[in-house]
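# Analysis of the macromolecular model
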Amino acid sequence: MTMAILEETGASLAASLLTIDLDAIGDNYRLLATLAHPAQCAAVVKADAYGLGARLVAQTLAQQGCDTFFVAHLEEGVELRSVLPSSDIYVLNGLLPSEEAVFNAHHLRPVLNDLGQIERWSQYCSSIADTPLPAAVQMDTGMARLGLPLSEKATLIAQPDLMSGFELALVMSHLACADTPEHPMNQAQQCEFSTAIKHFPNTQASLAASSGIFLGPDWRFDMVRPGACLYGVKPNDLSPNPMAQVINLQGKILQIQNVDTPRTVGYGATHRIGKSTRIATIAAGYADGFLRFLSNLGTAHVGEIALPIIGRVSMDLITVDISKLDGATTPLRPGDFVDLIGPHQDVDTIAADAGTIGYEILTSLGNRYQRRYIGGPTVKITTGAPA
Ligand SMILES: *Cc1c(COP(=O)(O)O)cnc(C)c1O
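As the structure is a prediction and not an experimental result, all values here were calculated from the model.

## Thoughts on the environment of L80
Within the secondary structure, L80 is located in helix α4 (residues 74-81). Overall, L80 belongs to the buried group, its relative accessible area being 1%. Once the C-alpha coordinates of L80 and G266 are considered, the two residues, 186 residues apart in sequence, prove to be 42 Å apart. The contact partners of L80, leaving out residues within four places of it in the chain, are V45, A54, A58, F69, V71 and I89.

What follows is the structure in structure tokens.
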């Protein structure tokens, strides 16, 4: 990696600090690409690269040799095109009526999810282009969410000329239970997909997202489409997480109170203080993706010392019992940071505490943190969401 250039966009007024390690994302891409080889490794950067900043993440991945990207919304594809002039960009959510010209103008590839979309793209392509434009077709094999249901798949196989107007570049499907390797759905979907793609012999095939890559070579076909694992989320519970951690979230202490009379903490008075307690109030709350479910449950860390969150998480603030640190040589003071996500509490751990998955933790982080990017194409310090 070339020497990073420091590019400061002015001092941030945001209190708490979200550090995003682009080099770790690059390392994760290389690990997945090596594992998936000879299948091609694409990257899913929908939802602003799971909240971490689609432009910088995509540029980092492109530098690692990634040349195929997936987004969910057409608008995300248009934005990504401005930083990736020549990569293949697929739009998972499909082709809605009257979007054809936007796809074409930005050289985006629709993932066609039903026969109506196939027909429209075919007609549009025949009407405007001499060379057919590329698209993917998605088959449903067990999600019943997006993709051709069984009956439409049968129609398409019987009438391949429905696709005569465009170039079928990719046939894909999506696994429902890939994070649970022993689940019978994995084998069933693999079989159904293998049978379906025999009808499209000269087309690339893709089934696996992050967790699916770890199911083994039979699930990798010609292309894999990881998202979450690039950003440090674990692929399954079977073995220790092989992915590098990407984010570090540090909450700034706004105030420290010594409470030595019986008192309650926070909304609903859900925590009652009996003995003398020192409370630090931190600048992060559920509006910043620190889920309210973590009330009286989650922990913050100073080094490896776990400090319990007491009282309810409110919109902008959490309260942490820091009494354990009494007598420390350097006592905490307002302006200091505690780790909310870091070396001793990763994204998956906090997700488990909050009764959710790492994906939701990442995509909920919000725009109120000072974001610091390290590594990657450049080092950027920005306030709030990246430009
Ligand atoms: C989100 C998504 C992916 C990426 O999934 P991860 O589990 O984050 O790797 C891949 N394919 C489709 C169709 C998706 O919707």
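The discussion continues.
## Thoughts on the site of the ligand
With respect to spatial proximity, 14 residues lie near the ligand, and among them K46, Y50, S210, G227 and Y359 are the closest. Side-chain polar atom of K46 to an oxygen atom of the ligand: 2.8 Å apart, as the coordinates give it. Between the ligand and G227 there is a distance of 2.7 Å, counted from an oxygen atom to a backbone nitrogen or oxygen. With the chains in place, 90% of the 390 Å² that the ligand exposes on its own is no longer accessible. Class assignment for the residues of the shell around the ligand results in eight nonpolar, three polar and three charged.

## A word on the packing of aromatic side chains
What the rule picks out here adds up to six aromatic pairs. The interplanar angle of 15 degrees and the centroid separation of 5.1 Å between the aromatic rings of F70 and Y90 together place this pair among those described as stacked. Within this pair, whereas F70 is found in strand β5 (residues 68-71), its partner Y90 is found in strand β6 (residues 88-91), the two being separated by 20 residues in sequence. By the burial criterion, F70 is buried, and Y90 matches it. Measuring from centroid to centroid gives 6.1 Å for F103 and W121, while their planes differ by 70 degrees, and the two rings are edge-to-face. Here F103, found in helix α5 (residues 100-105), pairs with W121, found in helix α6 (residues 115-128); they are 18 residues apart in sequence, far enough to count as distant. Among the aromatic residues, ring-to-ring pairing joins Y50, Y231 and Y359 into one connected group.

Rules used in this analysis
Residues numbered from 1 in each chain as written. Predicted model: local features only at pLDDT ≥ 70, side-chain atom pairs only at ≥ 80, totals over all residues. Heavy atoms only, no water. Helix = DSSP H or I, 4+ residues; strand = E, 2+ residues; numbered from the N terminus. Buried < 20%, exposed > 50% of the residue type's maximum accessible area, 1.4 Å probe, protein only. Contact = heavy atoms within 4.5 Å. Near = heavy atom within 4 Å. Polar contact = N/O pair within 3.5 Å; in protein donor to acceptor, adjacent residues only side chain to side chain. Areas by Shrake-Rupley, 256 points an atom, 1.4 Å probe, with all protein chains shown as cover. Nonpolar A, V, L, I, M, F, W, Y, C, P; charged D, E, K, R; others polar. Phe/Tyr/Trp six-rings, centres within 6.5 Å; stacked < 30°, edge-to-face > 60°.

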